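Analysis of the macromolecular model
What follows is the residue order along each chain.
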Amino acid sequence: MSAPTEAIRHRGLRFEEPLIFEQGADGRTGVDLPDPPEMRDRLGGLAREAPIGLPGLSEPQVVRHFTRLSQKNYAIDTGLYPLGSCTMKHNPRLNEKLARLPGFADIHPLQPESTIQGALALMDRLAGWLKALTGMPALALSPAAGAHGEWTGLMTIRSAHEAAGDPRKRVLVPDSAHGTNPASAAMCGYEVAAVPLNGRGRVDLEALKSALGDDVAAFMLTNPNTCGLFEDEILEQADAVHEAGAYFYCDGANFNAIVGRVRPGDLGIDCMHLNLHKTFSTPHGGGGPGSGPVSLCAALAPYAPVPYVVEGPDGFRLVETDPSGPAFGRVKGFHGQMGMFVRALAYILSHGIDGLRQASSDAVLNANYISAGLADLMSLPYEGPCMHEVLFDDAFLKDTGVTTLDLAKAMIDEGYHPATIYFPLVVHGALLLEPTETESRESLDHLIATLRRIVERALSGDADAFHAAPGEAPRRRFDETAAARRPVLRWRPPATEDRAAE
Amino acid sequence: MRYLPLTDADRRAMLASIGAPSVDSLFGDVPESARDPAFDLSDHAGEIEVERALGALAARNVPAGSVPFFLGAGAYRHHVPASVDALIQRGEFLTSYTPYQPEISQGTLQALFEFQTQVALITGLDVANASMYDGATSCLEAVNMALRVTRRPRVIVSGALHPQYREVTETGLRYLSARLDRQPPDFDGTESLADRIDPETACVVVQYPDFFGRVRDLTPLAEACHEAGALLIVAVTEVVALGALKSPGEMGADIVAAEGKSIGNPLSFGGPYVGLFACRERHVRQMPGRLAGEAFDADGRRGWVLTLATREQHIRREKSTSNICTNSGLCALAFAIHLSLLGEEGFSRLARLNHARAAALADRLDTVPGAAVANDSFFNEFTLRLDRPAAGVVDELAGRGVLAGVPVSRLLPGESEAAPLLLVAATETTTEDDMAALEAALREALK
Ligand SMILES: Cc1ncc(COP(=O)(O)O)c(C=O)c1O
């Protein structure tokens, strides 16, 4: 299983690192455990006979391997990460420390309630903050991420309609919506109908009104929306939705723009998921885990899934099943993402209401500052102030031979993580920049200056160099089409060694 | 506020270059009636205060490591090597996003490729994805995939499947056209699922080892499934078992939906955990979730990218195979690191050690008057039948500082047969003293 060592060439601090499967040796291990006693097994005659094929590595090998891998990643800790819609803000280490307290990290989800009162109190306290910030009376904590929260919210809506003897078939979703919205609606058995935007990057109110009807269960809006704009006709939208007997769902992925300034409940929202991994800064961890609690209005509250925490004379209690009640079921094993709850509450208590409001204000200020710094060179599809992120289209690249993708890859060579590109789908060649509030003015100035230099180069006709970017990263552009055509999704032993082993 | 770099001077200068009179003016699109409500919430606090507040809450819980502890039922307490947590706390892993830009995300992508390979190896299947939220949601996704693959409507669910996995699956199917054939709780291990398979059956869902701890050969069931054109889905709540047992793949499973928490991840009151999802190569285009795959860059160098994205929500929207986006990336990394440390020898030894501890515990508890081990086979968890309701005994023992196990009635309320049953688990963290303490406390309580 040894690596093709002659092929490996490190360059300074840039290491080439083979797969763990290419570096093991039989009999080596990185964990010392006592010898199990000899005994008659009780495995029902199903003891494993064939080896699994895992490589053997010592602890230092494993530590070096994963340390080297880590060095091939861009991260918030290394630089500005202006990935629109994803909210890559600083992840405080205090929150990591607290989530690792044995009183949180080393408790079992099914311990007797008397032994986990602090955990239930923490869930209750976090829920209290989230209910106050959203201006909504109830909250389901258990969903594991944003998309899971969408599904949970829509299941709650569907259950409320079914209970009222009014099952409805359709969910309206704007063209600009994130892909999870229609996907979540489909998982609830709904048909999805699109609602177009108006010329100002907001939902077309008249189109919404004509799409509404007595078969519509919900309208699913992202606000601030995925173009980085506040839906200024949201009260009118809410009235129209409610008049049609539908519920108003809000994708809260962009709540970070308005926390402490606006309560979605005051806008007529009936149901909204929060991404604790965006707004409340639990780390993205290279793709997860997240946490997606759902705020609910009074009419939807009874249908919330189990489990939930209630407070009684003897302290907090968990309601884990509701066989005959209105709860629509269970969406996840156990009680939700406790580790994320601890981090989010630490983030919230650290900021306090004054800090949360300041964070939203600074996030919006920073995005508008970037917009102002680039507006003369790049093209803004929509006028007026933006919220926490600024959306450009690719009109400014017309006839340069440079695409949004090329521009993104050029950012890599300048030490930046690219913006979100080609999302939302409603503008051509979208480039969505979200700086977040945790960037300093100097840092924004550097980003603006860098982007100006990149764009000026594109405009001066340097297309070939753009197509070749990035050149400074651990890898250049990949042939992703070939990778998808004949997918290799796992390591396998080289054929010759395989045969030799048999 | 320590996380906010802008000074008032910065804010004034920035507003000037934007040409806006105030930050409030940037929020001019917000309806007036909804602007700046009053909040009755506390203001910002320093690290010392926050640590004190959360520390006080943590102190009101009894950590598993502070007492003799025997809970399992889908969440098992294992030792996580120190290097796992040190590595996942590296900022390059902790504070990066989903690896959508492969040139600067090779670290995460390679780790996911290794994770997928490990999961495929231990489950005995061809391919695995880059993780789901947890075992229960992975189980639901497996059922949804079986419905797509077979285009049949019927789902048979074993009565020895973890009740929460069953509930999540039931919830997920509630408003879809599938029909659930849910078997009653299989208290005595006599259910026969093969008899229930018909031409409408898309899949059969069983757990291995099952919810009551029993280990059953699934080969005949797999054969029955395949004969009828149905898929066998095997849920695994304790993946350490796969270090000692024949893999589900070897027995003919088509999809394995597992909880990966036991490797690399703390108990954390039930989450975040990591759902494992593995299947046969021929079904790969029907899989949910992200997949890391091998690719070559413009210089012909090997690397990794997210691939087969046309299955996913950001491309296919309402026609995608799942709505999942954010998954359990960092927990999957912890899993990959821990399993790399264990290796073939360590994983097998860990599994045998778990089994040995559980066997020693079963022998001890079987001698207690009023308690009897109900299993003929088990891995690291078994069912103890008591002469009275287990829930009361567990509470009484908690009062004496012993966390004795999970009363089956907690997960199957309303089932009278569940009342006397107690699930008891032992792992490599269980000591002789712990076992002696449980035995003594149980003897006392059952007097
Ligand atoms: C607007 C929007 N909606 C929904 C989601 C899905 O959230 P999650 O990835 O937490 O499932 C995202 C995140 O990518 C998003 O940006």
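Every value quoted in this text rests on a predicted model; they were computed, and no experiment measured them. (Residues numbered from 1 in each chain as written. Chains lettered and ligands numbered in written order. Predicted model: local features only at pLDDT ≥ 70, side-chain atom pairs only at ≥ 80, totals over all residues.)

On to the overall build of chain B, then. When helices and strands are counted, chain B shows 14 helices and 13 strands. Taken over the C-alpha trace, chain B has a radius of gyration of 25 Å; the compact-globule value for 447 residues is 22 Å, and the two agree within 12%. Along the longest, intermediate and shortest principal axes, the C-alpha atoms of chain B span 80 × 55 × 50 Å. Looking at the 447 residues of chain B, the share that counts as buried comes to 63%. Within chain B, contacts between residues separated by at least 24 positions form 73% of all contacts whose residues are at least 6 apart in sequence. (Helix = DSSP H or I, 4+ residues; strand = E, 2+ residues; numbered from the N terminus. Rg over C-alpha atoms; globule rule 2.2 N^0.38 Å. Buried ≥ 20, exposed ≤ 12 C-beta atoms within 10 Å, placed from the backbone. Contact = placed C-beta atoms within 7 Å.)

Residues and elements named next belong to chain B. Counting 320 residues, the largest nonpolar core has Ala-146, Val-204, Val-205 and Ile-233 as the members making the most contacts within it. For this core, the element with the highest residue contribution is helix 11 (residues 329-365), accounting for 21 residues. In contact with Ile-233, other than residues within four places in its own chain, are Ala-142, Val-143, Ala-146, Cys-203, Val-204, Val-205, Asp-254, Ile-255 and Ala-257. (Core = buried A, V, L, I, M, F, W, Y, C linked by C-beta atoms within 7 Å.)

In the region of the ligand, 16 residues are neighbours, and Gly146(A), Ala147(A), His178(A), Cys325(B) and Thr326(B) sit closest. At the site occupied by the ligand, the surrounding residues belong to chains A and B. Of the residues assigned to the shell around the ligand, the class counts are five nonpolar, 10 polar and one charged. (Near = placed C-beta within 6 Å. Nonpolar A, V, L, I, M, F, W, Y, C, P; charged D, E, K, R; others polar.)

Okay, the environment of Gly260(B) next. Residue and element names in this part refer to chain B. Structurally, Gly-260 is set in the loop between strand 6 (255-259) and strand 7 (275-279). Considering only alpha carbons, one finds Gly-260 and Ala-425, 165 residues apart in sequence, at a separation of 17 Å. Setting aside its immediate chain neighbours within four residues, Gly-260 contacts Val-239, Val-274, Gly-275, Leu-276 and Phe-335.

As a general point, the strands of a sheet are linked pairwise by backbone hydrogen bonds and lie either parallel or antiparallel. Residues and elements named next belong to chain A. An order of 10-12-11 is seen for the three strands of this open sheet, with the pairing classed as antiparallel. A single partner strand is all that each edge strand has here, and the edge strands are strand 10 (390-392) and strand 11 (420-421). For strand 11 and strand 12 (residues 431-433), the ladder comprises two bridges, and the chain directions are antiparallel. Each residue of the ladder has a partner; that of Ile-421, found in strand 12, is Leu-431. (Pairing = 2+ DSSP bridges.)

Turning our eyes to something else, we now look at the sheet that holds strand 3 (residues 191-195) of chain A. Residues and elements named next belong to chain A. Here we have seven strands laid out as an open sheet, ordered 1-7-6-5-4-2-3, and mixed in their pairing. Among the strands making up the open sheet, the edge pair consists of strand 1 (138-140) and strand 3. Mean inter-strand twist for the sheet, computed between neighbouring axes without regard to direction, equals 25 degrees. Where strand 2 (residues 170-174) lies against strand 4 (residues 216-222), three bridges are found, and the strand directions are parallel. Residue pairing across strands places Val-171 opposite Ala-218, the latter belonging to strand 4. Where helix 5 (residues 146-163) meets the sheet, its contacts fall on strand 1, strand 2, strand 4, strand 5 (247-252), strand 6 (271-274) and strand 7 (294-296), and the angle it forms with strand 6 comes to roughly 160 degrees. With respect to the sheet, helix 6 (residues 180-187) is in contact with strand 2, strand 3, strand 4 and strand 5, its orientation differing from that of strand 2 by roughly 175 degrees. (Axes fitted to C-alpha atoms, helices over the stretch in contact; angles between N-to-C directions.)

Quick look at the environment of Val305(B) now. Residue position: Val305(B) is located in strand 9 (residues 302-306). Separated by 200 residues in sequence, Val305(B) and Ser105(B) have C-alpha atoms that sit 8.6 Å apart.

Looking now at the domain arrangement of chain B. Residues and elements named next belong to chain B. Once the domains are mapped, chain B shows domain 1 (66-80 + 344-445) and domain 2 (82-339). Every contact between the two is made by 27 residues of domain 1 and, on the other side, 29 residues of domain 2. Of all the elements, helix 11 adds the most residues to the side of domain 1 that touches domain 2, at seven residues. Residue classes in the side of domain 1 that touches domain 2 are distributed as 13 nonpolar, nine polar and five charged. (Domains from an automatic or database assignment.)

With that out of the way, let us pick up the environment of Ala99(A). Residues and elements named next belong to chain A. Residue position: Ala-99 is located in helix 2 (residues 93-99). Accessibility expressed as a C-beta count within 10 Å gives 24 for Ala-99, which makes it buried. On a C-alpha basis, the gap between Ala-99 and Thr-156 in space is 30 Å, while along the polypeptide they are 57 residues apart. Those residues in contact with Ala-99 that sit more than four places away from it in its chain are Phe-104, Ala-105, Gly-339, Val-342 and Arg-343.

Residue and element names in this part refer to chain A. According to the domain assignment, chain A contains domain 1 (94-348) and domain 2 (353-485). Of note, the centres of domain 1 and domain 2, computed from C-alpha atoms alone, are 30 Å apart. Counting residues at the interface gives 18 residues for domain 1, matched by 20 residues for domain 2. Taken together, the residues of the side of domain 1 that touches domain 2 break down into eight nonpolar, seven polar and three charged.

All names here are of chain A. The terminal C-alpha atoms of helix 4 (residues 117-134), which comprises 18 residues, lie 26 Å apart, in line with the 26 Å expected from a rise of 1.5 Å per residue. Burial in helix 4 covers these residues: Gly-118, Ala-119, Leu-120, Leu-122, Met-123, Leu-126, Ala-127, Trp-129, Leu-130, Leu-133 and Thr-134. Two residues or fewer after helix 4 comes Gly-135, characterised by a positive phi angle close to 70 degrees. (Expected span 1.5 Å × (residues − 1).)

Turning to the packing of helix 11 of chain B against helix 14 (residues 432-445) of chain B, a few remarks are in order. All names here are of chain B. For the pair helix 11 and helix 14, interaxial distance at closest approach is 10 Å and the crossing angle is 25 degrees. Taken together, helix 11 and helix 14 sit at an angle that is classed as roughly parallel. For the element pair helix 11 and helix 14, the recorded crossing hand is right-handed. Residues Ala-360, Leu-361, Arg-364 and Leu-365 of helix 11 form the contact with helix 14, whose participating residues are Met-435, Glu-439 and Leu-442. In terms of residue class, the contact of helix 11 with helix 14 is built from five nonpolar, no polar and two charged. (Parallel < 35°, antiparallel > 145°, perpendicular 65-115°, else oblique. Left-handed = near helix turned anticlockwise from the far one by under 90°.)

Moving on, we get to the pairing of strand 7 of chain B. All names here are of chain B. Among the five residues in strand 7, five count as buried, and that is most of the element. Burial along strand 7 is two-sided: Gly-275, Phe-277 and Cys-279 and Leu-276 and Ala-278, pointing in opposite directions, are all buried. Across five bridges, the pairing between strand 6 and strand 7 is antiparallel. When the bridges of strand 7 are listed, Ile-255 appears paired with Cys-279.

Turning our eyes to something else, we now look at unusual backbone geometry. Here Asn223(A) and Pro224(A) are connected by a cis peptide whose omega angle stands at -10 degrees. Within the secondary structure, Pro224(A) is located in the loop between strand 4 and helix 8 (234-243). A cis amide bond links Ala469(A) with the next residue in sequence, Pro470(A), at an omega value of 0 degrees. With respect to the helices and strands, the residue Pro470(A) is situated in the loop between helix 12 (463-468) and helix 13 (480-485). One non-glycine residue, Ser85(A), lies in positive phi territory at about 80 degrees. A positive phi angle, close to 55 degrees, is found at Phe269(B), a residue other than glycine. In this structure, Phe269(B) sits in the loop between strand 6 and strand 7.

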